[in-house]
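The primary structure of each chain is shown beneath.
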Amino acid sequence: MNCAIIGLPQSGKSTLFAAATGLAPAPGQMPQVRRAAVPVPDHRLKPLAKIFASKKITHANIEFTDFPGFSLADGHGRDQFRKYLPDIRSTDCLVVVVRAFENEGVPAYRDRINPSADLDEVWEELVFGDLETVTNRVEKLEAALKKPTKHDDEKRELAVLQRCQEALENERPISTVLDEITDAAGLLSNFPFLTEKPLIVVQNVSEDHAADTQPPASAHARAAVSLCAELEAEMARLDEADRAAFLADLGLEAPAQERLIGACYEAMGYISFLTGGPTEARAWSIPKGFTAMEAAGRIHTDLARGFIRAETVAYDDLLAVGDYKAAKAAGKVRQEPKNYVVQDGDVMLIKFNV
Ligand SMILES: Nc1nc2c(ncn2[C@@H]2O[C@H](COP(=O)(O)OP(=O)(O)O)[C@@H](O)[C@H]2O)c(=O)[nH]1
Ligand SMILES: [Mg+2]
């Protein structure tokens, strides 16, 4: 999963990137793209490694990309921002950072501190980006329709895209078109629409509000987090013991990294299943609704191809018994078929034959 960190200038994107990755802030204010993979925190892995006497622990990974922000108040800034849209389109979800912090040393965008107005402004630019995608394609199709060849597919696509154009012009999401036209989904899945990506809004609050975890409400966001990026970036560079003390001091249950990644999973509709053995205890991310066979395919294509069954036990059940053999004896280990829908925290052993 790759998450794009975007937003207006000076909203705290690079500071959030530092908090999410534990990396030092980039020197200077040069607009630059930074990318880093972060192990997804999972408190279940250590106990799991103990149960299976695993030699190592392997976390799932999540990737963050810090994009520069530009003023959307002028044509030059908007042009600059649009140069990054192809890269932003290639990510899986959008983390939009909005400024809610007071800091006299940092000039406020448009002389305002207004998180919801800032989010609306970014959203409008995303709508505009999608409109551009649709318009380009509509123009190509219209040109193609002038040529004397078979046109059924083009006509169909044009009709759907014109509905998309109309929706976007009225600031309605493209998904509303999917609701209106039954066969649009396949056609539209080829377009990397920005406004269809899962969106997580991060409200970057002042130091004295670091523990107000009430997230902002937004119609555009599938998940929301409130945090103080500046403090969290400092905290992310501490060792584990100091960090725990810092968190307790602030009255926070979990650091920004964990809360942000949790929000990304929620927005993406992702869950984790686990595997354990003498070599490693490991977490794997999959979309909710994945079957045992699809999950097996994430481990290795052979496991999906030769799938026989998935020996499955819920992590909590395994932990309660404390031993795999004992869990089996207690009837907690199920033999699941290929169409079993995997649940978060399932510990799975795939039986296969190729
Ligand atoms: N007081 C305070 N300042 C912050 C906070 N987050 C970012 N800043 C400051 O705001 C400025 C812009 O932050 P930066 O992360 O570079 O913003 P970006 O342009 O969105 O990447 C920097 O001087 C940060 O130190 C915060 O939570 N509190
Ligand atoms: Mg930055």
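Predicted model only: the values in this text are computed from it and were never measured.

1. A closer look at the overall build of the protein
Here's step 1: Counting its secondary structure elements, the protein contains 15 helices and 12 strands.
Here's step 2: Considering only C-alpha atoms, the protein reaches an extent of 70 × 65 × 30 Å along its principal axes.
Here's step 3: Here the contacts in the protein between residues at least 6 apart in sequence split such that 66% fall between residues at least 24 apart.
Here's step 4: Measuring between centres, the 40 positive side-chain charges of the protein sit 9 Å from its 53 negative side-chain charges.

2. Quick look at the domain arrangement of the protein
Here's step 1: You can read the domains of the protein as domain 1 (2-39 + 62-112 + 198-267), domain 2 (125-195) and domain 3 (289-352).
Here's step 2: Facing 10 residues of domain 1, the contacting portion of domain 2 comprises 9 residues.
Here's step 3: Taking both partners together, domain 1 and domain 2 bury about 840 Å²; carbon and sulfur atoms supply 64% of that area.
Here's step 4: Ranking the residues of domain 1 by area buried against domain 2 places Arg78, Arg82 and Arg89 at the top, with a combined share of 57%.
Here's step 5: Glu125 is the salt-bridge partner of Arg82, the closest N and O atoms lying 3.8 Å from each other.
Here's step 6: Our count for the contact surface shared by domain 1 and domain 2 stands at 3 residue pairs in polar contact (both at pLDDT 80 or more).
Here's step 7: Looking at the side of domain 1 that touches domain 2, the elements that each hand over two or more residues are helix H3 (75-83) and helix H4 (85-89).

3. Quick notes on the site of ligand 1
Here's step 1: Within the structure, ligand 1 sits among 19 residues, and Gln10, Lys13, Ser14, Thr15 and Glu230 are positioned closest to it.
Here's step 2: Gln10 has a polar backbone atom sitting 2.9 Å from an oxygen atom of ligand 1.
Here's step 3: At a separation of 2.9 Å, an oxygen atom of ligand 1 approaches a polar backbone atom of Gly12.
Here's step 4: In the complex, 84% of the free accessible area of ligand 1, which totals 580 Å², lies under the protein chains.
Here's step 5: Contributing elements (two or more residues each) for the shell around ligand 1: helix H1 (13-21) and helix H9 (229-236).
Here's step 6: Ranked by residues supplied to the shell around ligand 1, first place goes to H1 with 3 residues.
Here's step 7: Here the residues of the shell around ligand 1 are counted per class, giving 7 nonpolar, 8 polar and 4 charged.

4. Points about the packing of aromatic side chains
Here's step 1: Going through the model one piece at a time under the given rule, you end up with 6 aromatic pairs.
Here's step 2: Both rings, one in Phe52 and one in Tyr324, keep their centres 5.5 Å apart while their planes meet at 45°; by these two values the pair is tilted. Here Phe52, found in helix H2 (residues 45-52), pairs with Tyr324, found in helix H15 (residues 324-329); they are 272 residues apart in sequence, far enough to count as distant.
Here's step 3: Given the relative accessible area of 18%, Phe52 is considered buried.
Here's step 4: Their ring planes at 15° and their centres at 6.3 Å tell us that Phe273 and Trp284 sit as a pair that is stacked. With a gap of 11 residues between them, Phe273 in strand S8 (residues 270-276) and Trp284 in strand S9 (residues 280-287) connect regions that are remote in the sequence.
Here's step 5: Residue classification places Phe273 among the buried positions, given a relative accessible area of 0%.
Here's step 6: You can call Trp284 buried: its relative accessible area is 12%.
Here's step 7: Taken together, the aromatic side chains of Phe67, Phe70 and Tyr84 make up a single cluster linked through ring pairs.
Here's step 8: Cation over ring: Arg78 sits above Phe128, and NZ or CZ is 4.9 Å from the ring centre.

5. Brief notes about the sheet that holds strand S1 (residues 2-7)
Here's step 1: Pairing within the open sheet is mixed, and its 6 strands lie in the order S2-S4-S1-S5-S6-S7. Edge strands, defined here as strands with exactly one partner in the open sheet, are strand S2 (34-39) and strand S7 (223-227). With strand direction ignored, the average angle separating the axes of adjacent strands in the sheet is 25°.
Here's step 2: Both S2 and strand S4 (residues 61-66) contribute to a ladder of 6 bridges, which runs antiparallel. Across the sheet, the residue bridging to Ala37 is Glu63, located in S4.
Here's step 3: Its contacts with the sheet put helix H5 (residues 115-145) on S1, strand S5 (93-99) and strand S6 (199-204), and the angle it makes with S5 is roughly 145°.
Here's step 4: Running over the sheet, helix H11 (residues 256-268) touches S1, S2, S4, S5, S6 and S7 and is turned about 170° from S7.

6. A few points about the nonpolar core
Here's step 1: Core analysis: the biggest nonpolar cluster contains 40 residues, and Ile6, Ile88, Leu126, Leu161, Leu188 and Leu199 have the highest contact counts within it.
Here's step 2: Elements with a contribution of two residues or more to this core: S1, H4, S5, H5, helix H6 (152-169), helix H8 (184-188) and S6.
Here's step 3: Counting residues per element, this core draws most heavily on H5, which supplies 9 residues.
Here's step 4: Residues lining this core come from more than one domain, with at least three contributed by each of domain 1 (2-39 + 62-112 + 198-267) and domain 2 (125-195).
Here's step 5: Here Ile6 is in contact with Lys13, Phe67, Ile88, Leu94, Val95, Val96, Val97, Val122 and Leu126, once residues within four sequence places are set aside.
Here's step 6: Residues Ala20, Ala36, Leu260 and Tyr265 belong to the second largest nonpolar core, which totals 29 residues.

Definitions and cut-offs
- Residues numbered from 1 in each chain as written.
- Chains lettered and ligands numbered in written order.
- Predicted model: local features only at pLDDT ≥ 70, side-chain atom pairs only at ≥ 80, totals over all residues.
- Heavy atoms only, no water.
- Helix = DSSP H or I, 4+ residues; strand = E, 2+ residues; numbered from the N terminus.
- Contact = heavy atoms within 4.5 Å.
- Lys, Arg positive; Asp, Glu negative; His and termini not counted.
- Charge placed at Lys NZ, Arg CZ, Asp CG, Glu CD.
- Domains from an automatic or database assignment.
- Buried area = accessible area lost by both parts, 1.4 Å probe.
- Salt bridge = Lys/Arg side-chain N within 4 Å of Asp/Glu carboxyl O.
- Polar contact = N/O pair within 3.5 Å; in protein donor to acceptor, adjacent residues only side chain to side chain.
- Near = heavy atom within 4 Å.
- Areas by Shrake-Rupley, 256 points an atom, 1.4 Å probe, with all protein chains shown as cover.
- Nonpolar A, V, L, I, M, F, W, Y, C, P; charged D, E, K, R; others polar.
- Phe/Tyr/Trp six-rings, centres within 6.5 Å; stacked < 30°, edge-to-face > 60°.
- Buried < 20%, exposed > 50% of the residue type's maximum accessible area, 1.4 Å probe, protein only.
- Lys NZ or Arg CZ within 6 Å of the ring centre and 35° of its normal.
- Pairing = 2+ DSSP bridges.
- Axes fitted to C-alpha atoms, helices over the stretch in contact; angles between N-to-C directions.
- Core = buried A, V, L, I, M, F, W, Y, C linked by side-chain atoms within 4.5 Å.

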